[in-house]
Amino acid sequence: IRELQRRGHDLTIYATGNDSEVVGFKDLSYQRVSLTGEEYKQKLKEFDLLLSGLSGHDTPDGEFIRTANELGIKSIGVNDQNTNYLYRVGDVSGMPAVIALMNDNCFETIKQELPEDMVGEVKKRARVVGWTAFDNYAEIASSFTTEKKNKLLNDLLSQGIKLEGPLYFHATQNVQAAGDENFLPYELKVTEAVFSAARNLGKKLAVKPHPREQDNQTLNLAVKFDHIFIPPKACQTLDVILSSDSVTAGRSTCLTEACLLDKNTGGILPEIPSEEFIGYPPIYEGAIPYAQSWNEIEQLLNSITSHENDSVLASNRKKFSVDGQASQRLADLVEEIINRG
């Protein structure tokens, strides 16, 4: 968005997430919308191009894309994870005109996950642009000063959340996932296993739930195991990661963010088959350690919090990096499609 604005394009930004999710737009001027049926047409009909996420065919992203197709408006769907393609693209009628991908590895996953009759269509529409979400992570890390960390700690303290000493951060994923009734029970089991392992090691975690969590499962478990709970709206997760000495998470983009921000990072993925690791690039590239069984969790936590292996962990993180040019390539693609007419 900022790159397109810098180039002089006129953008209207629609935000469809909940209160915790829309804060990602920061100081950008956006309209918060919750649409149904014909309202999507009313919001889109005057535009030259739709630039959308590709989070799922039954999400507002998917509805915007289908509406753009119906109105004859060009669309770009920007993918952010190399997994779940069938859920993301739905069917041919619901595909965006162009699908922006992160790297060439995506094509192999597309071939594995999609029916044969869809693979060719997706590949025809696909363009590799890179990880737009992570272009500025090197700059973010270098500009996060001690003063900014102290401000975060003071802001949290004013809300009754006291963080002192080493900050070991764990992000939970205790939410429902469409089409996967086992997702939430599994994630709750992961949360309890991590909390128990940390307590056994004498480590107090700072824990923050996914912004879509509804029933206080993370809070209840944090109280049970005597860890520090940070409500979703208390601060931005990125600031917590930047302030942390270590970061752990399960099936979460926090693993990618923490790795790119050069933090000791560990993936908690017990019983997750190795072929699914392609959806988690720092793990797939061997950049961060992970626990693939329940009895490895305590060892992993100790490894990333003890500082005994810091130099090895830092060296491995260099295996996953970004070039910072993806936003420019995506903006080039937008202009190419608009100029093509």
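Rules and cut-offs
Residues numbered from 1 in each chain as written. Predicted model: local features only at pLDDT ≥ 70, side-chain atom pairs only at ≥ 80, totals over all residues. Heavy atoms only, no water. Core = buried A, V, L, I, M, F, W, Y, C linked by side-chain atoms within 4.5 Å. Buried < 20%, exposed > 50% of the residue type's maximum accessible area, 1.4 Å probe, protein only. Helix = DSSP H or I, 4+ residues; strand = E, 2+ residues; numbered from the N terminus. Phe/Tyr/Trp six-rings, centres within 6.5 Å; stacked < 30°, edge-to-face > 60°. Pairing = 2+ DSSP bridges. Contact = heavy atoms within 4.5 Å. Axes fitted to C-alpha atoms, helices over the stretch in contact; angles between N-to-C directions. Right-handed = clockwise from strand over helix to strand, strands pointing away.

K.L.:
Before we go on, may I ask you to explain the nonpolar core in this structure?
P.N.:
As a rule of thumb, nonpolar side chains are buried together in soluble globular proteins. Judged by nonpolar contacts, the single largest core of 82 residues is most densely connected at Leu-114, Leu-156, Leu-163, Val-194, Phe-195 and Ile-230. Looking at this core, the element that brings in the most residues is helix H10 (residues 183-200), giving six residues.

K.L.:
I would appreciate a short explanation of unusual backbone geometry in the present structure.
P.N.:
Backbone phi values are negative for most residues with the exception of glycine, while trans is the configuration of most peptide bonds. A positive phi angle, close to 60 degrees, is found at Asp-226, a residue other than glycine. Mapping Asp-226 onto the fold places it in the loop between helix H11 (217-224) and strand S9 (228-229). Positive phi is not limited to glycine here, since Glu-271 has a value of about 70 degrees. Counting through the fold element by element, Glu-271 comes out in the loop between strand S11 (264-268) and helix H14 (281-284).

K.L.:
How do you make sense of the packing of aromatic side chains when you look at a structure like this?
P.N.:
Two measures describe an aromatic ring pair: the distance that separates the ring centres and the angle between the ring planes. Per the stated rule, a full pass over the model turns up ten aromatic pairs. Consider the rings of Tyr-14 and Phe-64, whose centres lie 6.0 Å apart with planes at 5 degrees: the pair is stacked. Placement of Tyr-14 in strand S1 (residues 14-15) and of Phe-64 in helix H4 (residues 60-71) is noted, with a sequence separation of 50 residues between them. The two residues Tyr-14 and Phe-64 agree in class, both being buried. Centre to centre, the rings of Phe-277 and Tyr-290 are 4.9 Å apart; their planes meet at 70 degrees, and the pair counts as edge-to-face. Of this pair, Phe-277 sits in the loop between S11 and H14 while Tyr-290 sits in strand S12 (residues 290-291), placing them 13 residues apart in sequence. The class of Phe-277 is buried, set by a relative accessible area of 4%. A connected cluster of aromatic rings, assembled from ring pairs, spans Tyr-14, Tyr-40, Phe-47 and Phe-64.

K.L.:
Would you take a moment to explain the sheet that holds strand S8 (residues 205-208) for this structure?
P.N.:
Pairing between the strands of a sheet is mediated by backbone hydrogen bonds and can be parallel or antiparallel. Spatially, the six strands line up as an open sheet ordered S9-S8-S7-S10-S11-S12, and their pairing is parallel. Two strands close off the open sheet at either side, each with one partner strand: S9 and S12. In the sheet, S11 pairs with S12 via two bridges, with the strands oriented parallel. In the sheet register, Ile-268 faces S12, and the bridge partner there is Ala-291. Here H10 sits on the sheet in contact with strand S7 (168-171), S8 and S11, set at roughly 160 degrees to S8. Those strands touched by helix H15 (residues 297-305) are S7, strand S10 (246-249), S11 and S12, and its axis lies near 170 degrees from that of S11.

K.L.:
Can you walk me through the sheet that holds strand S3 (residues 49-53) in this structure?
P.N.:
Taken in spatial order, the four strands line up as S3-S4-S5-S6 in an open sheet, and their pairing is parallel. This sheet does not close on itself; its edge strands, each paired only once, are S3 and strand S6 (126-128). This sheet shows a mean twist of 25 degrees between the axes of neighbouring strands, independent of strand direction. Inspection of the sheet shows strand S4 (residues 74-78) paired to strand S5 (residues 98-101) by three bridges, in the parallel sense. In the strand pairing of S5, Gly-77 is matched with Ile-99. Taken strand by strand, helix H17 (residues 326-340) contacts S3, S4, S5 and S6, and its axis lies near 165 degrees from that of S4.

K.L.:
Even after reading the chapter, I still don't get the pairing of S4, so can you show me in this structure?
P.N.:
A regular strand places its side chains so that they alternate between the two faces of the sheet. With respect to burial, S4 is a largely interior element, four of its five residues being buried. Direction of pairing for S3 relative to S4: parallel, over a ladder of five bridges. If you follow Gly-53 over to S4, its bridge partner there is Val-78. What joins S3 to S4 is H4, and the crossover it makes is right-handed.

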